[in-house]
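# Fold and geometry: a report
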Amino acid sequence: MNIKDIKPGKSYACKYLDHAGVEAIGVIKTRDVVNERVQIIDDNSTLIVLDWSSIWDVDTVEWSTK
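All of these numbers come straight from a predicted model, not from anything done at the bench. (Residues numbered from 1 in each chain as written. Predicted model: local features only at pLDDT ≥ 70, side-chain atom pairs only at ≥ 80, totals over all residues. Heavy atoms only, no water.)

### Quick word on unusual backbone geometry
When glycine is set aside, most residues are seen to have a negative phi, and most peptide bonds are trans. We count it as follows: Strands are runs of DSSP state E lasting at least 2 residues, helices are runs of H or I lasting at least 4, and numbering of each runs from the N terminus. Each residue's exposure class comes from its accessible area (1.4 Å probe, protein chains only) as a fraction of the maximum for that residue type: buried when under 20%, exposed when over 50%, partly exposed otherwise.
One non-glycine residue, S45, lies in positive phi territory at about 65°. Here S45 shows up in the loop between β3 (37-41) and β4 (47-51). Given the relative accessible area of 61%, S45 is considered exposed. Positioned with a positive phi, D57 is a non-glycine residue whose angle comes to about 50°. Of note, D57 is situated in strand β5 (residues 55-60).

### Thoughts on the nonpolar core
This is how the line gets drawn: Buried residues of nine kinds, namely Ala, Val, Leu, Ile, Met, Phe, Trp, Tyr and Cys, make up a nonpolar core once their side-chain atoms join them within 4.5 Å. Contacts are assigned to residue pairs with any non-hydrogen atoms lying within 4.5 Å of each other.
One finds I3, I28, V38, I40, I55 and V58 to be the most contacted residues of the largest nonpolar core, which totals 13 residues. Elements represented by at least two residues in this core include exactly β1 (12-17), β2 (23-32), β3 and β5. The element best represented in this core is β1, accounting for three residues. Apart from the residues within four sequence positions on either side, I55 is in contact with I3, C14, K15, Y16, V38, I40 and L50.

### Notes on the pairing of β2
Test applied: Criterion used throughout: strands pair if DSSP finds at least two bridges between them.
Across five bridges, the pairing between β1 and β2 is antiparallel. For Y16, the partnering residue across the bridge sits in β2 and is A24. Taking the residues between adjacent antiparallel strands as the criterion, β1 and β2 are bridged by five residues, where G21 takes a positive phi near 85°. Relative to β3, β2 is paired through five bridges, and the arrangement is antiparallel.

Structure follows, in C-alpha cells:
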C-alpha cells in the first residue's frame, strides 16, 4: 500500500530501519502530506519522525484483545 493511499480514522503500520540499522515495525500515528513525513510509534512507545522515503510495507493494522 502506498503511504498516499492511507485513509484517516484507520490504523496503519510500516517497516523502517531503527537507529541500529535493524528492520523494525511501527504504527503510524500521523502523516504529514506537505512535508512527506510520518510519526511512528515503535514497540517501546517511542515517537519517531521519518521521511516517507524511509518507510516501506505500509499495511492496515488489525487490533486484537487476545
